[in-house]
Structure formats: C-alpha cells, structure tokens
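Residues per chain, in single letters:
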Amino acid sequence: QVQLVESGGGLVQAGGSLRLSCAASGLTFSSYTMGWFRQAPGKERDIVTSYSWSGGSTYYADSVKGRFTISRDNAKNTVYLQMNSLKPEDTAVYYCAARPRHKNVLPPQYGYDYWGQGTQVTVSS
C-alpha cells in the first residue's frame, strides 16, 4: 500500500519561510518522479515543482521560481519543498505526488499515480 504523508504546513507571515516534507512508503521511491502541487480555494490544483526520478531535472512553475526549492533524499524516501519569501497568493493546500518513471515522457504536471492528503499553508499579509 502506497502512502505519501505531507507535513510542515502552517501559518506564516508574508516574507517568511516554511519547509514541507513528504514521506513515502510502499513504493520504490528512487523510481518515481516526485511533485508538489497546490490548490487554493475555488481554484484548480496546479503543479508547483517536480524532481525527476533520475535526479537529472527539476521543474518549477514561474510563480515560484527563485523562491521555492525542491529536494529529495532517496535514503529517507522523502521529498522536501523549501518555500522562502512567501506571499499571500501562495496560500493553498499543498500536495505531494509520485509519478512512475515510465511516465516521464509526459509534461511535468501529468501522470501522477499517488497523492498525499495535503497540508495547509496560509500566508498572512
């Protein structure tokens, strides 16, 4: 049974930082591209960033480039999202997701088979 469990969300003031973690179990972590998505109230879920299974590439949405950093520790089966210079518009539920490597031909926002339950990030102005 695959599980992705996010943690680290919370309330932070604009300009502050948060670090999200996503611990994976039940899958061969190193064979999966890991992504972070977010969904704000009344909006669709959008990709924020991804880190390829091979470690060779990352993707960032334009809205977070230069502020957010994704990293992964295959020994700990964990992916992280360091979020700096947070803005009120970053407020959303953040989800991690796993995509098997055979789907790496797809654009970065597609092909995820497994999802976490989400963690709330609220940025106050």
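Just so you know, these numbers come straight off a predicted model, no measurement behind them.

Asker: Go over the state of the cysteines with me, naming the residues and quoting the values.
Answerer: With the rule as written, the count across this model stands at 1 disulfide. Residue pairing for Cys 22: its cysteine sulfur links by disulfide to Cys 96, the two sulfurs lying 1.9 Å apart. Since a negative S-S torsion denotes a left-handed disulfide, the Cys 22-Cys 96 link at about 45 degrees is right-handed. Remark: Cys 96 occurs in strand β9 (residues 92-100) and Cys 22 occurs in strand β3 (residues 18-25); sequence separation between them is 74 residues. Cys 96 carries the same exposure label as Cys 22, and that label is buried.

Asker: Explain the environment of Val 12 to me, using residue names and the numbers behind them.
Answerer: With respect to the element layout, Val 12 can be found in strand β2 (residues 10-13). Note: C-alpha distance between Val 12 and Thr 122 (110 residues apart in sequence) is 6.3 Å. Not counting residues within four places of it along the chain, the set of residues in contact with Val 12 comprises Ser 17, Leu 18, Leu 86, Thr 122, Val 123 and Ser 124.

Definitions and cut-offs
Residues numbered from 1 in each chain as written. Predicted model: local features only at pLDDT ≥ 70, side-chain atom pairs only at ≥ 80, totals over all residues. Heavy atoms only, no water. Disulfide = S-S within 2.5 Å. Helix = DSSP H or I, 4+ residues; strand = E, 2+ residues; numbered from the N terminus. Buried < 20%, exposed > 50% of the residue type's maximum accessible area, 1.4 Å probe, protein only. Contact = heavy atoms within 4.5 Å.

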